[in-house]
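Remarks on the overall topology
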Protein chains: 2
Amino acid sequence: MAETAPPDAPSEAPAGDEVGLDPALAARIDDLLAEHDLDGARAAAAGLHYSEMAQLIGLLPPERRAQFVDALRPAFPAEVIPELDEVLRDEVAARLGTSDLARALANLDTDDALYLIDGLEETKRDLVLQAIPKAIRAQIEEGLAFPEGSAGRLMQRDVVAVPAHWDVGTCIDYLRRGQDLPDDFYDIFVVDQRHRAVGWVALDTFVRAPRSRRISEIQETEFEPIPVDMDEEDVARLFKDRDLVSAPVVDAGGRLIGAITVDDVVDVIEFEAEEDMMRLSGVAGSDVHAPVLATARLRSLWLLLNLGTAFVAASVIGLFSASISQVVALAVLMPICASMGGNAGTQALTVAVRALATGQLTMANASRIVLKEGVVGGLNGFLFALLTGLAAWAWFHEAAIGACIGAAMMINLVVAGVSGVVIPVVLDRLGVDPAVSSSVILTTVTDVTGFLSFLGLATMIVL
Amino acid sequence: MAETAPPDAPSEAPAGDEVGLDPALAARIDDLLAEHDLDGARAAAAGLHYSEMAQLIGLLPPERRAQFVDALRPAFPAEVIPELDEVLRDEVAARLGTSDLARALANLDTDDALYLIDGLEETKRDLVLQAIPKAIRAQIEEGLAFPEGSAGRLMQRDVVAVPAHWDVGTCIDYLRRGQDLPDDFYDIFVVDQRHRAVGWVALDTFVRAPRSRRISEIQETEFEPIPVDMDEEDVARLFKDRDLVSAPVVDAGGRLIGAITVDDVVDVIEFEAEEDMMRLSGVAGSDVHAPVLATARLRSLWLLLNLGTAFVAASVIGLFSASISQVVALAVLMPICASMGGNAGTQALTVAVRALATGQLTMANASRIVLKEGVVGGLNGFLFALLTGLAAWAWFHEAAIGACIGAAMMINLVVAGVSGVVIPVVLDRLGVDPAVSSSVILTTVTDVTGFLSFLGLATMIVL
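Residues numbered from 1 in each chain as written. Chains lettered and ligands numbered in written order. Predicted model: local features only at pLDDT ≥ 70, side-chain atom pairs only at ≥ 80, totals over all residues. Heavy atoms only, no water.

1. Concerning the overall build of chain A
Counted only if it meets this: Every helix listed is a DSSP run of H or I at least four residues long, and every strand listed is a run of E at least two residues long, numbered separately from the N terminus. Only heavy atoms matter for contacts: two residues are in contact if any of them lie within 4.5 Å across the pair. Where accessible areas are quoted, they stem from the Shrake-Rupley method and a 1.4 Å probe; at the residue level, only the protein chains shown are allowed to cover.
Looking only at helices and strands, chain A features 21 helices and six strands. With the C-alpha coordinates of chain A rotated into their principal frame, the extents come out at 90 × 60 × 55 Å. The contacts of chain A with a sequence gap of at least 6 include a subset with a gap of at least 24, amounting to 65%. Total accessible area on chain A stands at roughly 18,200 Å², and carbon and sulfur atoms take up 57% of it.

2. What about the domain arrangement of chain A?
You'll often see interface size given as the accessible area lost when the parts meet. Selection criterion: As used throughout, domain bounds are those supplied by an automatic or database domain assignment.
Along its sequence, chain A is carved into domain 1 (23-149), domain 2 (161-265) and domain 3 (292-461). A separation of 46 Å is found between the C-alpha centroids of domain 1 of chain A and domain 3 of chain A.

3. Topic: the interface of chain B and chain A
This is how it is decided: Simply put, the buried area is the total loss of 1.4 Å probe accessible area from both parts when two parts are fitted together. Just to be clear on terms, a salt bridge is a Lys or Arg side-chain nitrogen sitting within 4 Å of an Asp or Glu carboxyl oxygen.
Counting residues at the interface gives 149 residues for chain B and 149 residues for chain A. Contact between chain B and chain A buries roughly 12,900 Å² in total, counting both sides, with carbon and sulfur atoms accounting for 63%. On inspection of chain B and its partner chain A, the count reaches twelve salt bridges. With a shortest N-O distance of 3.0 Å, A:E52 and B:R242 are connected by a salt bridge.

4. What to know about the relation of the copies chain B and chain A
Filter applied, for reference: Superposition of the copies used a least-squares fit over C-alpha atoms from residues whose pLDDT is at least 70 in both.
For these two chains of identical sequence, chain B goes onto chain A by a turn of 180° and a shift of 0.0 Å along the axis, with RMSD 0.0 Å. The transformation relating the two chain copies, once decomposed into turn and shift, fits a two-fold axis. Looking at the interface residues of chain B, 100% of them are also at the interface in chain A, so both copies use one shared face.

5. Notes on helix α14 (residues 232-242) of chain B
All names here are of chain B. Heads up, the condition is: Residue burial is assigned from relative accessible area. The probe radius is 1.4 Å, only protein chains are included, and a residue is buried under 20% of its type maximum, exposed over 50%, and partly exposed in between. Any pair of nitrogen or oxygen atoms within 3.5 Å is treated as a polar contact; in protein, a donor-acceptor pairing is required on top of that, and neighbouring residues in sequence qualify only through side-chain atoms on both sides.
Here α14 lies mainly inside the structure; nine of its eleven residues are buried. Among the residues making up α14, those that are buried are E232, D234, V235, A236, R237, L238, F239, D241 and R242. Sitting at the amino-terminal end of α14 is D231, which places a side-chain oxygen 2.9 Å from the backbone nitrogen of E233. One or two positions beyond α14, positive phi appears at D243, with a value near 50°.

6. Thoughts on helix α3 (residues 50-59) of chain B
Burial within α3(B) is extensive, with nine of its ten residues counted as buried. If you check which residues of α3(B) are buried, you get B:S51, B:E52, B:M53, B:A54, B:Q55, B:L56, B:I57, B:G58 and B:L59.

7. Some thoughts on a negative patch on the surface
Residue and element names in this part refer to chain A. Where we set the bar: Like-charged residues within 9 Å of one another, or nonpolar side chains (Val, Leu, Ile, Met, Phe, Trp, Tyr) within 5 Å, are grouped into patches, provided each residue has over 30% relative accessible area and no salt bridge. Under this rule, positive means Lys or Arg and negative means Asp or Glu; His and the chain ends count for nothing. Lysine's charge is taken at NZ, arginine's at CZ, aspartate's at CG and glutamate's at CD.
Taken together, the side chains of E86, D90, E121 and E148 present a region of like negative charge at the surface. Relative to the assigned elements, D90 resides in helix α6 (residues 86-106). Relative accessible area serves as the criterion here: at 31%, D90 is assigned to the partly exposed category.

8. So, the nonpolar core
We apply this condition: Here the nonpolar core consists of buried residues drawn from Ala, Val, Leu, Ile, Met, Phe, Trp, Tyr and Cys, with membership extended through side-chain atoms lying within 4.5 Å.
Counting residues in each nonpolar core, the largest one holds 82 residues, and the members touching the most others are A:I324 and B:I324. Leaving out residues up to four positions away in the same chain, A:I324 has contacts with A:I317, A:L330, A:A331, A:M334, A:L455, B:I324, B:V328 and B:A331. With 45 residues, the next largest nonpolar core counts A:L238, A:V262, B:V266 and B:I269 among its residues.

9. Observations concerning the side chain of A:R137
For A:R137, the position within the fold is in helix α9 (residues 134-144). A polar contact of 3.4 Å, which involves the side chain of A:R137, links it to the backbone oxygen of A:L129.

10. Considerations on the sheet that holds strand β3 (residues 197-202) of chain A
Residue and element names in this part refer to chain A. For clarity, the cut-off: What makes two strands pair is DSSP finding at least two bridges between them. Here an axis means a line fitted to C-alpha atoms, over the contact stretch when the element is a helix, while the angle between two N-to-C directions is reported on a 0 to 180 degree scale.
Taken in spatial order, the three strands line up as β1-β2-β3 in an open sheet, and their pairing is mixed. Edge positions in the open sheet fall to β1 (161-163) and β3, since each of these has one partner strand only. Put simply, the sheet's adjacent strands are angled 35° from each other on average, direction ignored. In this sheet, β3 lies alongside strand β2 (residues 187-191) in antiparallel orientation, the contact comprising five bridges. Bridge assignment links I188 to a residue of β3, and that residue is V201.

Encoded structure:
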């Protein structure tokens, strides 16, 4: 694979199948920074792609990050900034200072500049905006008027728009002359006299058409203009479902006001899939670079909620103190039943949360999926009732205890499976993000069911 | 927003911000199928995009799915098939039967056809391949030779490749004549005499260049040809990091043999982010459509593992039977400590698993992140030690019990934070996917630590 790159192509392809930053290079830059050799560090980082620089910044310890920013200024590569996680972005922006940051911002696409400037504190934001050239500042300020997480925030303002009556030749000449064209574009949008989006032509169709062909003859008119206030999650879903590479963004009157390209959407798609996972574990909005105090505070809310539910579960156990003091085996075995319920419920819940997010689970099939999870819970409940029952019998030499934990296991696994779907579906119907709160409710249900059924049955049967 | 679509653009833009299948239409098609009105169902589904048809198939009950396939045959739209989840894909393929399936396959891009045919059983696969036209069959068979999950499986064989000495005009004429061109392309690849990939020209650059300009003057030579055996996860990362829309795929000699486009990569990116979440919960490879028995069996392995660890935790409790029979409050409180450790550990683990997957956590910064999580655990440990200790004291009117659970909480939250990073990092170093097994190991550690520290301290202090 070493011979892949011909001499005239200084390929950056990493050796083997490894993608991303070379660890040896990262270590070398770290060493250079440690020796305060900023020029050396800059030279070593010169060949890096901006995504690799962003990765490097993430891997460096905080004090080296600041040095690295210093090493690269005043020509700090603007493209690095949008690639950084939120915490690092703020850190780099702060270190750059107003004028260097404004210079970097002015070189970014509107959508990237918006994303970055939106994360700044109000006072800092105003200072930076003042330092940006007027024309670009106006575009950014317009963009800030769109709600966060909307199509308006993702879009690039510069688009290629032509009238349907032009021919391909006129269009090519326009493009060759073109001044206000976007840096990258994949589709030509067709507009009517009122600048409403009425069609589009993919560039690959365009380059294959003869000069005399009219745009109206090659345009596609079945398409989805994206309303500027559409939620970015819906934009992402549309791009994914329709295999789009770019799409026009329109205002309430259907007028073309920008375009969204797939590179911005890819980040949203990854973020949305990842966000569900983070929310299920109670770490939404968290990343590996967040400072210790902020991390501890953010996580403590989730833990507090869990502490509350743990006390609820404990109070259920408390009801059976008398039984436990008589038969201590109950205390030994009771966590097993609760823990299995929690795990089985989380399995059903995880599948349900993703299915809700991707439109695979709706009210249309919810009852069928609930039934299915109930049956799955019953089947596994039977299997684990047997296993656990026999193990408990063998351990404590009492068949009745085995029977009790077996029955409780069966009950808890069915309840877990059903709750794993019902909880997120109900939350979704109530307009609450199911990923955020489902798992706390679920574990409360499975803990209470587990303790109540096992200790309750044991109190009735064993004692 | 109702006026967005001009009269000549029969826009499919859904009302409001809802993306995807209209639930009312889905219900109507369901009703029509229930009445065995296949023609009516076909007519009602006629305007649907293939991604909406795929969504509809997922929402229909199994018996209606078969009817819906029947309604659409013989012209079953091939593009629907790759959009389906694995289980549904197999179901639809089975219902279509060899000849209708072969017809559909022949209409798909190589990469989609490959994906589909790879999921078939061996005997069925051979039958279907026999029924496909020879030229396409040869391409598919070549594709099947590449390892699953490699770039070779994602790539489209047809590419636009031109020599660097051509001028833009020659190139345009070639494209206008073009026969074997791909359906969609975004970049023109530049090859040398030995057909090695040496550069590329984005279509938007190409259309802006005058006819007399040489390709060698407008080509980019800094690029990343993708080795055909590169893992698809690395391909996805490369597309995301470099904001690529398409990229050339080369063999071991650097020769251009295909291209990967972003629409295929988007699915991989979403899948990879989602897969981590599924693995953490022990439901990898599962989807909402999987049949009951398969689901139960798949999930039972994870539950079995958890049952084993639950017995380990129970045996720790068993060590302290004597203490519990004397002070039953210990049994009531002990799950709180274990449960808080499990939750805090899962928070750290979730962040670490994603950070490992995205290159934000490597050996370069692992020790720093471990330290950070330890400190976060200590801070929250202190907070929750206080809260839990006071609550336990108030509940059982014994300060010593409060002190014991507080100290145990502190210990367990620090252990949980550190383990949440150390476990996935060590697994990753050992070449094991950290998402698959981390959470079982983690909860074992936090359960054992929680029970051992609380019951151990109580045995020493309270009794």
